[in-house]
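For reference, the chains in residue letters:
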Amino acid sequence: MSDVYAQPTTGARRSDVSALASYTTLRMGGPAGRIVSATSADEIVRAVRDAGARGDAVLVLAGGSNVVIGDDGFPGTVVLVRSRGLRVVAEDADTVTVRVEAGEPWDDLVAATVANGWSGLECLSGIPGSTGATPIQNVGAYGQEVAETITGVEAYDRVEETTSRIAAADCGFAYRGSIFKYSDRWVVLSVDFRLSRSPLSGPVRYAELARALGVEVGNRVPLADARAAVRTLRAGKGMVLDPTDPDTRSVGSFFTNPVLDRAAYDLLRDRAADLGEPPSWPGAGDMVKVSAAWLIDKAGYGKGYAGPGGAAISRKHTLALTNRSGQASTADLVALAREIRDGVKTRFGVTLHPEPVLINTTI
Ligand SMILES: Cc1cc2nc3c(=O)[nH]c(=O)nc-3n(C[C@H](O)[C@H](O)[C@H](O)COP(=O)(O)OP(=O)(O)OC[C@H]3O[C@@H](n4cnc5c(N)ncnc54)[C@H](O)[C@@H]3O)c2cc1C
């Protein structure tokens, strides 16, 4: 299996080989105190424990595709998750449960499940990063999210200094969130997914994907067709990593879609009366989820909008903030994010929240 994670290169913007820019898809982030690469669950635990014992702060980093690291870097120990492997741990006539090591590249896993006729991850094709990071923000796209198939997460608890398996019901999965996000406590070592034995995808829930596949919403399609269509749609939006395409030098969506209560949603509709109905989806209870991309665009920050230092909105997707020039600093990116957040707030009264994890920086 190829090593898909970023590695330091001599051509990196910062000559310091410990610069974390080399390990992030944004190609941003200052130096690390120490970097340790761990290739098994045992090595990950040992590296985290040893660093803790030395009094070092610890940053667990895998694909670096959902982090914004400050220009001053991270002064403690960065543990790179590079464990590999997957195995079937349970099966019956209809399902198979696979246990996947945290460092396994996510899209390699999705490709393997599609090839094996295991249904449940196909719409999550093309998402960068590691398998162990998928529970962190309950990764989702095109109508699927990992919370639907994860049955348990094996994690090292840095407080209790024990390793245990946490049942999915206790992971606190929510829209782009879980108990693991913004928590230093847990280190994910492996993840169990229960998948259906089926040559067909789950019902296609996302209208754009259904259109691309030429089917009605709710229909099923061959797994390989779903995977190919998702990858094509994503590539058109710069949402599949491509070293030759600077619009993919991002963390994917920079802001989550705001989830509003009725009063906030009514205020938004008033303020947007001249623009038509804001695109939205029903949220839990009486809540409404609104398109962040629409808010950003209508507030005057369209595709390609350039901020300071070469930080810019992707030319392919309004929600992706990019290091298009390759020379932008984290301060430049954060300044652009603040400008957009404040502009949307002024125009629509809605506060946008960042989706990636911010490390030694803030917006
Ligand atoms: C082009 C592009 C498209 C994207 N599209 C999507 C999308 O469609 N949907 C979506 O949900 N996300 C998307 N993302 C975001 C990102 O790919 C996912 O969140 C991915 O799961 C992050 O994995 P990673 O290994 O790169 O995590 P990292 O960036 O290395 O880490 C992210 C966070 O998780 C923590 N972490 C990582 N591994 C572990 C572990 N083993 N134990 C404990 N903590 C850990 C880190 O400390 C950090 O806080 C996209 C990103 C890019 C660049």
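Anything mentioned here points back to the structure above.
I will try to describe carefully the structure that is included in this document. (Residues numbered from 1 in each chain as written. Predicted model: local features only at pLDDT ≥ 70, side-chain atom pairs only at ≥ 80, totals over all residues. Heavy atoms only, no water.)

**Quick word on the site of the ligand**
In step 1: Taken together, 32 residues surround the ligand, and among them Val-60, Ala-62, Ser-65, Ser-130 and Arg-234 come closest.
In step 2: Interatomic distance of 2.6 Å between a backbone N/O atom of Val-60 and an oxygen atom of the ligand.
In step 3: One nitrogen or oxygen atom from the main chain of Gly-140 is found 2.8 Å from a nitrogen atom belonging to the ligand.
In step 4: Relative to its unbound accessible area of 980 Å², the ligand is 94% covered by the protein chains.
In step 5: Those elements that place two or more of their residues in the shell around the ligand are β2 (58-61), β8 (140-141) and β12 (186-197).
In step 6: No other element matches the three residues that β12 contributes to the shell around the ligand.
In step 7: Grouping the constituent residues of the shell around the ligand by class yields 17 nonpolar, 12 polar and three charged. (Near = heavy atom within 4 Å. Polar contact = N/O pair within 3.5 Å; in protein donor to acceptor, adjacent residues only side chain to side chain. Areas by Shrake-Rupley, 256 points an atom, 1.4 Å probe, with all protein chains shown as cover. Helix = DSSP H or I, 4+ residues; strand = E, 2+ residues; numbered from the N terminus. Nonpolar A, V, L, I, M, F, W, Y, C, P; charged D, E, K, R; others polar.)

**Concerning the sheet that holds strand β4 (residues 74-81)**
In step 1: Spatial strand order, β1-β4-β2: three strands in an open sheet with parallel pairing. The open sheet has two edge strands, β1 (32-38) and β2, and neither has a second partner. Across the sheet, the mean angle from the axis of one strand to that of its neighbour is 25°, orientation sign disregarded.
In step 2: Bridge count between β2 and β4: four bridges; the pairing is parallel. Looking at the pairing, Leu-61 lines up with Leu-80 of β4. (Pairing = 2+ DSSP bridges. Axes fitted to C-alpha atoms, helices over the stretch in contact; angles between N-to-C directions.)

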